[in-house]
Amino acid sequence: MSFFEIVDPRFGQFVLGNAPVKRIATGFDWVEGPVWFGDAGALLFSDIPNNRILRWTVEGISTYRSPSNYANGHTRDRQGRLISCEHGLRRVTRTEWDGSITVIADGYAGKRLNSPNDVIVAADGAIWFTDPHYGIKTDYEGYRAEQEVPCHVYRVDPVGQIEAVITDMACPNGLAFSPDETTLYVADTGRMHEPDPQHIMAFDMSSGRPRNGKIFHAIAPGCADGIRVDSDGNLWSSAADGVHCISPQGGLMGKILVPELVSNLCFGGRAKHQLFITATTSVYSVILNRKGVQWP
C-alpha cells in the first residue's frame with residue numbers, strides 16, 4: 001500500500017518509500033497535544049476525555065500525569081520545561097523541573113479563560129496560546145460552563161503580562177511560527193455548531209506582534225487542527241485523511257495518509273525527522289526526509 005499522496009513533485013523528496021506509517025499506540029478515546037522529549041526518548045500526549053497525559057517510549061506506554069485537568073496541547077519552553085493547556089482548570093501551566101506546577105495564565109481582564117488549546121514559545125521566551133471554547137461547550141473534554149471571554153490568541157511575555165494579540169478569529173486552534181519567526185500561522189476551526197469558515201491564517205510579525213492577517217490555506221477534507229513547521233518553512237497540518245504538507249507559498253504539496261481523523265502532530269525522534277501523529281484513538285509515526293523546527 002502507499003502511505004503517501006504526492007501533489008507537488010517536490011514532496012517526493014520529503015518522504016521515504018521504505019519508511020511506513022506505523023501505529024505505535026492505540027486504545028484511547030481522543031488524543032491530542034504530542035510533544036517530544038528527546039532527552040528522555042519520550043513522547044508525551046493527551047488522552048483528553050480520560051483526563052490523563054501519557055508517555056510513549058520504544059518500551060511502551062505509561063502514565064505521565066493523571067488526572068491532568070483535561071490537558072490538551074503541549075510544548076516545551078526555551079529551558080525545556082513542559083508547557084500545557086488545561087481545559088479543566090481553564091489555564092496554561094508550566095511543569096517545573098521539580099514537578100511543581102506554575103500557572104502561566106488563567107484569566108484575562110478579570111474573567112476566566114475558555115479552554116486553552118494549543119501553545120508555542122517564541123525565541124524571546126514569550127508564550128503564545130489559543131483559547132477556543134471547545135473544552136467548555138460539553139463535559140466530554142472538560143467541564144461544561146459559560147463562556148466569559150471571546151476566543152482570542154494570547155501572548156504572555158517573560159514577566160507574565162498577558163495580551164490578547166488576535167481578537168477577530170472565530171475559534172483559533174493550532175498555531176506555529178515560521179522558522180525565522182517572521183510569520184505566525186493560526187488554524188481557525190470555527191465555533192461549535194456554527195457554519196464558520198475553517199482555514200489557516202498567516203500573519204506578518206512586526207515588532208513582535210501579528211499584523212496583516214490573510215487566509216493562507218484551507219484544508220480539504222476536514223480542517224486544520226494541529227500545525228507544525230519544518231526547517232524549510234513547509235507547514236504540516238492535520239486533516240481528515242491524514243497530514244497535509246503545505247509550501248511556504250500556501251500550496252498543497254502532498255499528504256501522509258492516516259486511517260483515522262488526525263488531530264495534532266509534532267516532529268521528534270533522533271534527528272527531529274520523525275513525525276508523530278495523534279489521530280482519534282491512536283498515535284502514529286513516520287520517518288521523513290525533513291526535520292522539524294522546535295526547541296529544544
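Located above this text is the structure these notes cover.
All of the points below concern the structure found in this document. (Residues numbered from 1 in each chain as written. Predicted model: local features only at pLDDT ≥ 70, side-chain atom pairs only at ≥ 80, totals over all residues. Heavy atoms only, no water.)

1. With respect to the sheet that holds strand β19 (residues 199–206)
No. 1: Here four strands make up an open sheet; going across it, the order is β17-β18-β19-β20 and the pairing antiparallel. Only two strands of the sheet have a single partner each, and these edge strands are β17 (172–177) and β20 (209–217). Taken over all neighbouring pairs, the strand axes of this sheet differ in orientation by 25 degrees on average, direction set aside.
No. 2: Of the pairings in the sheet, the one linking strand β18 (residues 183–188) to β19 comprises six bridges and is antiparallel in character. Bridge pairing in β19 links L184 to F203. (Pairing = 2+ DSSP bridges. Helix = DSSP H or I, 4+ residues; strand = E, 2+ residues; numbered from the N terminus. Axes fitted to C-alpha atoms, helices over the stretch in contact; angles between N-to-C directions.)

2. Observations regarding empty space enclosed by the protein
No. 1: Taken as a whole, this structure holds one cavity of 30 Å³ or more when the rule is applied.
No. 2: Volume-wise, the largest cavity comes out at about 50 Å³.
No. 3: Lining the largest cavity are G33, P34, D118, G226, I227, R228, N264 and L265.
No. 4: Of the residues in the lining of the largest cavity, the class split is three nonpolar, three polar and two charged. (1 Å grid on protein atoms, 1.4 Å probe; cavity = no way out; pocket = protein on both sides within 12 Å on 5 of 7 lines; lining within 4 Å. Points joined across faces, edges and corners; volume = space filled by probe spheres on them. Nonpolar A, V, L, I, M, F, W, Y, C, P; charged D, E, K, R; others polar.)

3. Describing the environment of V293
No. 1: Looking at the element boundaries, V293 is found in the segment after β27 (282–287).
No. 2: Overall, V293 belongs to the partly exposed group, its relative accessible area being 37%.
No. 3: For the pair V293 and D232, spaced 61 residues apart in sequence, the C-alpha to C-alpha distance is 8.8 Å.
No. 4: When sequence neighbours within four positions are dropped, the list of residues in contact with V293 reads P179, V229, D230 and S231. (Buried < 20%, exposed > 50% of the residue type's maximum accessible area, 1.4 Å probe, protein only. Contact = heavy atoms within 4.5 Å.)

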